[in-house]
Amino acid sequence: MKKIISIILVTIVLAQAKGVKRYGSMLEIAPKASFYISSDAYLGIGGECVINPVKQAGIRITFSEAVFGNGTYFYLNSDVWVGGGLSLDGLFYIPMAGLEPYVHGGLGFFVQDPPGQAGTNTFFSFRFGMGLHYFLNPKTKFFVEPGIIVYDAHDTEAMFRLSTGVRFGVL
């Protein structure tokens with residue numbers, strides 16, 4: 001495993017040293033708004049971080065989200081599953097002039113630890129969909145992203161998510 005990580009890091013460093021032209025940033029921070037539809041409708045406001053180690057792919061980590069709908073939940077300290085939770089997704093960019101479409105897929109999880117003797121529950125979700133970047137300038141891009149979240153909160157269910165926001169390049 002250490003060899004594979006070393007090879008990937010050396011490849012990234014060599015690609016950057018050779019002057020591979022990148023349109024975008026290696027590290028992006030994005031505030032976003034999401035609209036969730038399942039048996040109820042929810043609105044989420046949160047943030048994510050995208051790491052783009054290579055030109056064609058990125059890794060996204062959703063780090064916080066407040067969800068409004070049937071109550072208000074902040075997924076870092078809520079005892080209710082509302083489709084939020086920490087997620088790790090892969091983004092695969094499709095080259096195109098002017099716009100940058102991409103597909104995404106990943107895994108999310110949520111730990112519920114209610115007070116009392118109920119015990120701890122962990123819910124997993126699979127996320128996939130597509131998205132579109134519109135570059136406002138070389139380090140800032142607007143995105144729209146429809147997707148599906150399939151999760152198991154005692155019964156397997158699916159939820160539609162439409163997210164939008166702006167990704168700001170940091171590095």
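Structure first, text after, so check above.
Residues numbered from 1 in each chain as written. Predicted model: local features only at pLDDT ≥ 70, side-chain atom pairs only at ≥ 80, totals over all residues. Heavy atoms only, no water.

Visitor: Help me understand the overall build of the protein, please; the structure alone is not making it clear to me.
Guide: Regarding its fold elements, the protein presents 1 helix and 9 strands. In the protein, the succession of α and β elements from N to C terminus is α-β-β-β-β-β-β-β-β-β. Within the protein, the proportion of its 171 residues that are buried is 37%. Roughly 9600 Å² of accessible area belongs to the protein as shown, and the carbon and sulfur atoms make up 71% of that amount. (Helix = DSSP H or I, 4+ residues; strand = E, 2+ residues; numbered from the N terminus. Buried < 20%, exposed > 50% of the residue type's maximum accessible area, 1.4 Å probe, protein only. Areas by Shrake-Rupley, 256 points an atom, 1.4 Å probe, with all protein chains shown as cover.)

Visitor: In this structure, what is going on with the packing of aromatic side chains? I would like to understand it.
Guide: For any pair of aromatic rings, the description rests on two quantities: the centre-to-centre distance and the angle between the ring planes. Tallied over the full model, the rule gives 1 aromatic pair. Note on Tyr93 and Tyr102: the rings are 6.0 Å apart at their centroids and 70° apart in plane angle, and the pair reads as edge-to-face. Here Tyr93 falls in the buried class, since its relative accessible area comes to 9%. Of the residues examined, Tyr102 reaches a relative accessible area of 1% and is grouped as buried. (Phe/Tyr/Trp six-rings, centres within 6.5 Å; stacked < 30°, edge-to-face > 60°.)

Visitor: So what exactly am I meant to see when it comes to the side chain of Ser125 here?
Guide: Tracing the chain through its elements places Ser125 in strand β7 (residues 121-137). Its relative accessible area of 0% is what places Ser125 among the buried residues. Side-chain polar atoms of Ser125 contact the side chain of Arg127, separated by 3.3 Å. (Polar contact = N/O pair within 3.5 Å; in protein donor to acceptor, adjacent residues only side chain to side chain.)

Visitor: Just to check I follow, could you spell out the pairing of strand β2 (residues 41-54) for this structure?
Guide: The side chains of a regular strand alternate between both faces of the sheet. Looking at chain direction, strand β1 (residues 27-37) and β2 are connected through 11 bridges and run antiparallel. Bridging from a neighbouring strand, Ile29 pairs with Cys49 of β2. Counting the residues that bridge the hairpin from β1 to β2 gives 3 residues. Bridge count for β2 against strand β3 (residues 57-69) is 10 bridges, and the pairing is antiparallel. (Pairing = 2+ DSSP bridges.)

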